[in-house]
Amino acid sequence: MTTTTVTGARTSTDDYATLRTTAGAYRITAPLVRITGDERIALLDQFLAKSGEFVDPDTVREALALNTDGSPFAVLLHFEIGDEAWLLPRTPVTEDQLSGYLAALDIPEGVTVETAPEGWGATAFEGPNAWSAAARFVDFDISGLTLHGVTEASVAEAPAALAHLARVGTTGEYGYLLLSNEPDAAFAAVLAAVGELGGAEVGPEGLARVQAEAGLGGYATGFAGLAVDEADLAWMIDWSRIGDFRGSENLVRPTTGSARLTVLAAPALSRFAAGVKVSAGGRAVGTVLAQAPSANPEEELVLALLDAPFWAPGLELSAPDDQDAERPLRTVTLPRVIARSLTTRIS
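Throughout what follows, the structure given in this document is the object of discussion. What you see as residue numbers is a count from 1 along each chain, following the sequence as written. Under the rules for a predicted model, residues below a pLDDT of 70 receive no local features and side-chain atom pairs below 80 are neither given nor counted, while totals for whole chains, interfaces and linings still include all residues. The side-chain figures draw on all heavy atoms in the structure; neither hydrogens nor water molecules are used.

### So, the packing of aromatic side chains
The way to describe two aromatic rings as a pair is by their centre distance and the angle between their planes.
Argument step 1. Two aromatic rings, drawn from Phe, Tyr or Trp (for Trp, its six-membered ring), form a pair once their centres lie within 6.5 Å of each other, and the interplanar angle then sorts them: stacked below 30 degrees, edge-to-face above 60, tilted otherwise. Here the structure, examined in full by the defined rule, presents five aromatic pairs.
Argument step 2. Look at Phe125 and Phe137: their rings are 6.2 Å apart centre to centre, the planes differ by 45°, and that puts the pair in the tilted class. You can see Phe125 sitting in strand E9 (residues 121-126) and its partner Phe137 sitting in the loop between helix H4 (130-134) and strand E10 (150-152), a full twelve residues away along the chain. Just as Phe125 is buried, Phe137 falls in that class too.
Argument step 3. One aromatic cluster in this structure is built from Phe47, Phe73 and Tyr101.
Argument step 4. Working rule: Lys NZ or Arg CZ, within 6 Å of ring centre, within 35 degrees of ring normal, means a charge sits over the ring. The positively charged end of Arg260 is found above the aromatic ring belonging to Trp311, 3.8 Å away from the centroid. Runs of H or I in DSSP of at least four residues are treated as helices and runs of E of at least two as strands, each being numbered from the N terminus. Buried means the residue's accessible area, taken with a 1.4 Å probe over protein chains only, is under 20% of the maximum for its type, while exposed means over 50%, and partly exposed covers the values in between.

### A short note on unusual backbone geometry
Argument step 1. The omega angle of the peptide bond from Ala308 to Pro309 is 0°, so this bond is cis rather than trans.
Argument step 2. Following Leu334, the chain continues into Pro335 via a peptide bond in cis, with omega recorded as 0°.
Argument step 3. On the secondary structure map, Pro335 appears in the segment after strand E19 (326-331).
Argument step 4. The phi dihedral of Leu269 falls on the positive side, at around 80°, and the residue is not glycine.
Argument step 5. Relative to the helices and strands, Leu269 is located in the loop between strand E14 (260-266) and strand E15 (277-280).
Argument step 6. Among the residues examined, Leu269 registers a relative accessible area of 56% and is labelled exposed.
Argument step 7. The backbone phi angle of Asp324 is positive, close to 65°, even though this residue is not glycine.
Argument step 8. Residue placement: Asp324 occurs in the loop between strand E18 (316-320) and E19.
Argument step 9. Residue classification places Asp324 among the exposed residues on the basis of a relative accessible area of 68%.

### Here's the deal with the pattern of salt bridges
Argument step 1. When a carboxyl oxygen of Asp or Glu is within 4 Å of a side-chain nitrogen of Lys or Arg, the pair counts as a salt bridge. With the rule as written, the count across this model stands at twelve salt bridges.
Argument step 2. As a salt-bridge pair, Glu213 and Arg20 come within 2.8 Å of each other at their nearest N and O atoms. Here Arg20 lies in helix H1 (residues 12-21) and Glu213 lies in helix H6 (residues 204-213), a separation of 193 residues in the sequence.
Argument step 3. With relative accessibility at 0%, the residue Glu213 sits in the buried group.
Argument step 4. Arg327 is paired through a salt bridge with Asp321; the nearest N and O atoms lie 3.9 Å apart.
Argument step 5. One network of salt bridges, with partners in common, ties together Arg20, Glu173, Arg209 and Glu213.

Structure (structure tokens):
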């Protein structure tokens, strides 16, 4: 059976449709981190898997942080805003986990690290019409805010608020993130803006489904204990950078023989439990790790760790569903759905 999460009177299917057709807003619950001081990049280079040496001001990038054993700890957004750096986890991590991780670093003299700085919060909004909502927060043509750019913003409901608008998202549709020291007012303003476009607040399941279709299923599920190569995160490592960073001595370069996280499509209403075996012609070739929420009525998406070469797209496989009936699965290419934003101009 398909399970549906309700957001007020809305369902996860409604939320999915909102993100795909107009604009959906949601609060960011992950802990923010503010880092100040001239040597903040030196601190970031101790643990981010891509060097910050050439990061431009007023930009945001996505970076991977590792544990000391070389396993992935978190995917983080790194903002450079004025003379401050901000971090925001993309993958599940608690405030205590993040604080403990950062506390183990060698903090350079003059650098201050604040986890969950008081009063600050973030709101995201995404969808093919999200750019129109974003235009309400700046005094210039919103098309001038390029992907991964950050700019000062204003919140009409709180004129004295500090706010920063970043063009960055998680769904493959247009995406924006609003940082503010008046987070409640900022969230209300974003809700009003998307509401005028026919959009709404969206819940985690509809969002997670769109993320999975964009190839970012790990944002909701985490890393499931996988190594960097297994989690298909090798592209987030700067393999040629100079200098060590946390976990780098335990990294192993991926090979074509590595098992790999793979997305598979299944018929609608199929449900698979984590841990069941994926088979090819009766031979076990992998394990189901998670299933994306069933917000898209067209099909189900399953995340599995598959042996080489069965992670190649277009292969017909199978696995037992929650009723122990063998159901067909097919490895697919990503993104799974063509984003409407690809044909919707910012104007």
